[in-house]
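Coordinate inspection notes
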Amino acid sequence: MENLKVRAINLSLFYGDNQALKNISLDIPEKRVTALIGPSGCGKSTFLRTLNRMNDLIDNVRIEGEVLIDGVNIYDRDIDVVNLRKKIGMIFQKSNPFAKSVYENIAFGPRINGITQKSRLDEIVEFSLKQAAIWDEMQGRLHNSALSLSGGQQQRICIARSLAVNPEIILMDEPASALDPISTGKIEELIHDLKQKYTIIIVTHNMQQAARTSDLTAFFYLGELVEINKTEIIFSNPGKKQTEDYISGRFG
């Protein structure tokens, strides 16, 4: 039996009167890659953002149900949201490095968390860049602006930045959709390597990417979870006709 890292139980989310998520229940195992697929506007990214409470930042949002991480409901009143977000890294569709050097991008989180010793920060920066498979490219460029890098490099810097605070879960919202095929391949290889240590949840429009990178795939449609299963089953023998229609390109 795999250890469960995240459990959503009867999770619903409303923007005012509009219900964006409808009674979602799913289990996400530890140190696996779970892909969320489905057409635009079906609730994938909204669901992803419930896992680190980023929807809290939007006015007029109401949430019902539970999200358990390591068995604790993250919507309990006494949850420290800052601590929660330390456990959960987030990689966005558009890479968003700070307008600082590569080194300062990676050292930013550890510094906020009280690490000031230069030798320790040096170690964290090197380790994080190695984990993000970009140390060899950055070793001589640590003091260059992160904004001077290519799109694919910027995205890996953002991944290294999220790894620097030692998260347990990494959320990725279309992390390669703005990248060229070679950079996309590097991000996909990286996802494969990172799951040895982290639980990864990725939203993607790209069916092939979901098939290549994930262990489990969940298909969302109109705010509902249609089905979740092992990726090879979802792509070869889905349980629901809707899933089959979407995967085979009949709609979406």
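Cut-offs used in this document
Every chain begins its residue count from 1, and numbering advances along the sequence as written. Where local features are concerned, this predicted model is filtered to residues with pLDDT of at least 70; where side-chain atom pairs are given and counted, the filter is 80 or more; whole-chain, interface and lining totals use all residues. Excluded from the side-chain calculations are hydrogens and water; all other atoms, namely the structure's heavy atoms, are used. As defined here, a cavity is a set of points on a 1 Å grid over the protein atoms alone where a 1.4 Å probe fits but cannot get out. A pocket is an open set with protein on both sides within 12 Å along at least five of seven lines, and residues line them when an atom is within 4 Å of a point. Grid points are joined across faces, edges and corners, and a volume is the space filled by probe spheres set on the points. Think of it this way: any DSSP run of H or I at least four residues long counts as a helix, any run of E at least two long counts as a strand, and we number them from the N terminus. Only Asp, Glu, Lys and Arg are considered charged, only Ala, Val, Leu, Ile, Met, Phe, Trp, Tyr, Cys and Pro nonpolar, and every remaining residue, Gly among them, polar. Every angle, taken between N-to-C directions, lies between 0 and 180 degrees, and every axis is a line fitted to C-alpha atoms, over only the stretch in contact when it is a helix. If an angle is under 35 degrees, it is roughly parallel; if it is over 145, roughly antiparallel; if it lies from 65 to 115, roughly perpendicular; otherwise it is oblique. Left-handed describes a crossing whose near helix is turned anticlockwise from the far helix through less than a right angle; right-handed describes the clockwise counterpart. Any two residues whose heavy atoms approach within 4.5 Å at even a single point are treated as in contact. What we call a nonpolar core is a set of buried Ala, Val, Leu, Ile, Met, Phe, Trp, Tyr and Cys residues that are connected through their side-chain atoms within 4.5 Å. When a residue's accessible area, from a 1.4 Å probe over protein chains only, is under 20% of the maximum for its type it is buried; when over 50% it is exposed; and in between it is partly exposed. In this description, strands pair whenever DSSP reports at least two bridges between them. Only Phe, Tyr and Trp rings take part, Trp by its six-membered ring, and two of them pair if their centres are within 6.5 Å. Stacked means planes under 30 degrees apart, edge-to-face means over 60, and tilted covers everything else. Note on criteria: charge over ring means Lys NZ or Arg CZ within 6 Å of the ring centre, with the direction from the centre no more than 35 degrees off the ring normal.

1. Concerning the layout of surface pockets
A water-sized probe rolled over the atoms picks out the places where empty space is left. By volume, the largest pocket amounts to about 640 Å³. As for the largest pocket, its lining consists of 20 residues, and the residues nearest its centre are R85, I88, G89, M90 and V165. Contributions of two or more residues to the lining of the largest pocket are made by α2 (81-87), β6 (88-91), α3 (102-112) and α6 (151-163). Tallied by class, residues from the lining of the largest pocket come to 11 nonpolar, 6 polar and 3 charged.

2. As for the packing of α3 against helix α4 (residues 118-131)
Two numbers describe how α3 lies on α4: the axes approach to 9 Å, and their chain directions differ by 115°. Here α3 is positioned roughly perpendicular relative to α4, judged by the angle of their axes. As for the relative orientation of α3 and α4, their crossing is right-handed in sense. Touching V102, Y103, I106, A107, P110 and R111 of α3 are K118, L121, D122, I124, V125, S128 and L129, all from α4. Residue composition of the contact of α3 with α4, by class: 9 nonpolar, 1 polar and 3 charged.

3. Some thoughts on the nonpolar core
Judged by nonpolar contacts, the single largest core of 40 residues is most densely connected at L129 and I159. Every residue in contact with L129, bar those within four places of it in the chain, is listed here: V102, I106, I134, W135, M138, L142, I157 and A160. Ranked by size, the runner-up nonpolar core spans 29 residues in total, among them A8, L11, V67 and I169.

4. Quick look at the environment of K44
Looking at where K44 falls in the secondary structure, it is placed in helix α1 (residues 44-50). Relative accessible area serves as the criterion here: at 5%, K44 is assigned to the buried category. Taking the C-alpha atoms as reference points, K44 and L222, separated by 178 residues in sequence, lie 9.6 Å from one another. When neighbours within four sequence positions are excluded, K44 is seen to be in contact with L36, I37, G38, P39, V203, T204, H205 and F220.

5. Focus on the sheet that holds strand β5 (residues 72-73)
With respect to topology, 4 strands assemble into an open sheet ordered β2-β1-β4-β5, the strand pairing being antiparallel. Looking at strand neighbours, the two that pair on one side only are β2 (18-29) and β5, the edges of this open sheet.

6. A few points about the packing of aromatic side chains
Here the structure, examined in full by the defined rule, presents 4 aromatic pairs. Relative to F220, the ring of F47 has its centre 5.6 Å away and its plane inclined at 40°; by these criteria the two rings are tilted. Of this pair, F47 sits in helix α1 while F220 sits in strand β9 (residues 216-221), and the two are 173 residues apart along the sequence. Through successive ring pairs, a cluster of aromatic residues spans F219, Y221 and Y246. For R161, the ring lying beneath its charged end belongs to F98, and the centroid distance is 4.1 Å.

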